[in-house]
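A structural walkthrough
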Amino acid sequence: MDAIHIRGGKALFGETRIQGSKNAVLPLMAAALLIEDVCMIENCPCISDVYHMQQLLNGIGCKVKCTGHVMTIDARNIEEDIMAGENVTGMRSSIMLLGAMLGRVGTITMDYPGGCVIGERPIDLHLNALRKMGVSILEKESCFTAKVRTLEGTVIRLPISSVGATENIVLAAVMAKGVTVLQNAAKEPEIVTLCEFLREAGAVIEGIGGSSLIIQGGHALHGIRFRVPSDRIVAGTYLMSVMGTGGHIFLEDAPIAQMRSMLKVAEEMGAEIDISREGISVIADADKRALSYLKTEVYPGFPTDMQSPLMAALSTARGVSVIEETIFENRFRIVDQLKKMGACIELQGNRQAVIVGVDSLLGCEVAAEELRGGAALVIAGCMALGETVVTNRHFIERGYEDICRDYQNLGADIYIG
């Protein structure tokens, strides 16, 4: 059965190691397309999104293999420029292959990318930016074709700070003729990781970590060995789990510098945080404080991917909490599922949720509808009295290598059945 079973209502105690970052490794796999050589990516998470990206790369002629948590990508031969099917339509991150393919072979035909149901996330930002670099794009009902003879460096200012558009522009710009200046670039850690990967491979990129990137295109790239950083959202999920249940956990290899906004929120809720070189220790009381107001923001603000896990934890907080969602308009899809478990949450439009803490949640069957909301339902199951069954676990497996293993390490009574 495609379900996760949790017998909740008890505090979490234990430690677990944080896996490699989903949002970092997928752009690195796309970047490897630009390199006519072999790359090795260490600490690669074994998740379904990585598998789908691997299938896409193999489908166009790359040789991609995974041994444990080490991925080898041989991109010396590209034999195909068409990307279609479920691996594209089922994964939003497939769009980043657009910039990589244009940089490598100058053409690509692909289905429109799919993924979760958290918002529209149109690709107009990507296409308009690439047009400024000389790319011609023919859009059809279910797919589009992009072609360019020579990518031209230029000045591009994004109207909004988009992670995906920033990744596509960077991937194209490292192979362009001349200099590209990208203004209002996203500053998320995943962008920094992508730029560091490309720089180690021979690209010339200035301003890494800032909102303005300067990319000198046309430099030859070579194969490298690169380690993926730990996943800040996975670590944040387990952080919010202990905030919901109470207890004492240790998150080994948690990316501390990337989690400042999450740790600040946990402390505001009453957690005791201890940071060391090895990771993060969290002591929390189930009787946590509400948050009077919090809004999601681009990095380094509180991440939208953490909004649903936070909402689950706040559902039993003492007092009234208000969350404003500023990134994706459908991030509150989890609300109806939490209310089935006894949560008291009222929506004000599709951008604000008011959460009145209740004494406890009650286990029942709930359905994951997207990745982070699915993980949040597992948090709610750990908090709830009785048994919770979370169906559609395939959504969760897009970003969590083995969520049941990790929660078992933290003392949860959880299994797949």
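Observations concerning the overall build of the chain
Scanning the chain for helices and strands turns up 14 helices and 24 strands. Since a compact globule built from 417 residues should have a radius of gyration of about 22 Å, the 21 Å found for the chain is in line with a globular shape. Over its C-alpha atoms, taken along the principal directions, the chain stretches across nearly 65 × 45 × 40 Å. Taken across its 417 residues, the chain has 58% of its residues classed as buried. Restricting the contact set of the chain to residue pairs at least 6 apart, pairs at least 24 apart contribute 72%. Accessible surface, the chain as shown: approximately 15,800 Å² in total, 48% of it carbon and sulfur.

Remarks on the pattern of salt bridges
Within this structure, the stated rule accounts for 16 salt bridges. Between Arg104 and Glu36 there is a salt bridge; the shortest N-O distance is 3.9 Å. You can see Arg104 sitting in helix α4 (residues 97-104) and its partner Glu36 sitting in the loop between α1 (22-31) and β3 (38-42), a full 68 residues away along the chain. For Arg104, a relative accessible area of 16% gives the class buried. Here Arg372 ties to Asp305 by a salt bridge, and the two come within 3.9 Å at their closest N and O atoms. Here Arg372, found in helix α12 (residues 371-383), pairs with Asp305, found in the loop between β18 (294-295) and α10 (307-314); they are 67 residues apart in sequence, far enough to count as distant. The pair Arg372 / Asp305 is uniform in exposure class, with both members buried.

Description of the environment of Gly9
Here Gly9 shows up in the loop between β1 (3-7) and β2 (12-17). Considered as a pair, Gly9 and Glu79 are 70 residues apart in the sequence and their alpha carbons are 54 Å apart. Setting aside residues no more than four positions away along its own chain, Gly9 makes contact with Cys382, Met383, Ala384 and Leu385.

Here's the deal with the packing of α1 against helix α7 (residues 189-200)
In a pair of packed helices, the angle between the axes and the distance between the axes together describe the arrangement. Here α1 crosses α7 at 30°, and the two axes come no closer than 9 Å. You can see that α1 and α7 cross each other, and the crossing is right-handed. Residues Asn23, Ala24, Pro27, Leu28 and Ala31 of α1 touch α7, and the partners they reach there are Glu190, Thr193, Leu194, Phe197 and Leu198. Class assignment for the residues of the contact of α1 with α7 results in seven nonpolar, two polar and one charged.

Some remarks on the packing of aromatic side chains
Inspection of the entire model under this criterion finds three aromatic pairs. Here the aromatic rings of Tyr238 and Tyr407 are separated by 5.1 Å at their centres, their planes lie at 80°, and the arrangement is edge-to-face. Of this pair, Tyr238 sits in helix α8 (residues 232-245) while Tyr407 sits in helix α14 (residues 403-409), and the two are 169 residues apart along the sequence. Each member of the pair, Tyr238 together with Tyr407, is buried.

Digging into the sheet that holds strand β5 (residues 70-74)
With respect to topology, four strands assemble into an open sheet ordered β4-β5-β3-β14, the strand pairing being mixed. At either end of the open sheet lies a strand with only one pairing partner, and these are β4 (63-67) and β14 (225-227). Shown here is a sheet whose adjacent strand axes are inclined to one another by a mean of 15°, direction ignored. Here β4 pairs with β5 via five bridges, running antiparallel. Paired with Lys63 across the two strands is Asp74, which belongs to β5. Those strands touched by α1 are β3, β5 and β14, and its axis lies near 175° from that of β3.

Calculation criteria
- Residues numbered from 1 in each chain as written.
- Predicted model: local features only at pLDDT ≥ 70, side-chain atom pairs only at ≥ 80, totals over all residues.
- Heavy atoms only, no water.
- Helix = DSSP H or I, 4+ residues; strand = E, 2+ residues; numbered from the N terminus.
- Rg over C-alpha atoms; globule rule 2.2 N^0.38 Å.
- Buried < 20%, exposed > 50% of the residue type's maximum accessible area, 1.4 Å probe, protein only.
- Contact = heavy atoms within 4.5 Å.
- Areas by Shrake-Rupley, 256 points an atom, 1.4 Å probe, with all protein chains shown as cover.
- Salt bridge = Lys/Arg side-chain N within 4 Å of Asp/Glu carboxyl O.
- Axes fitted to C-alpha atoms, helices over the stretch in contact; angles between N-to-C directions.
- Left-handed = near helix turned anticlockwise from the far one by under 90°.
- Nonpolar A, V, L, I, M, F, W, Y, C, P; charged D, E, K, R; others polar.
- Phe/Tyr/Trp six-rings, centres within 6.5 Å; stacked < 30°, edge-to-face > 60°.
- Pairing = 2+ DSSP bridges.

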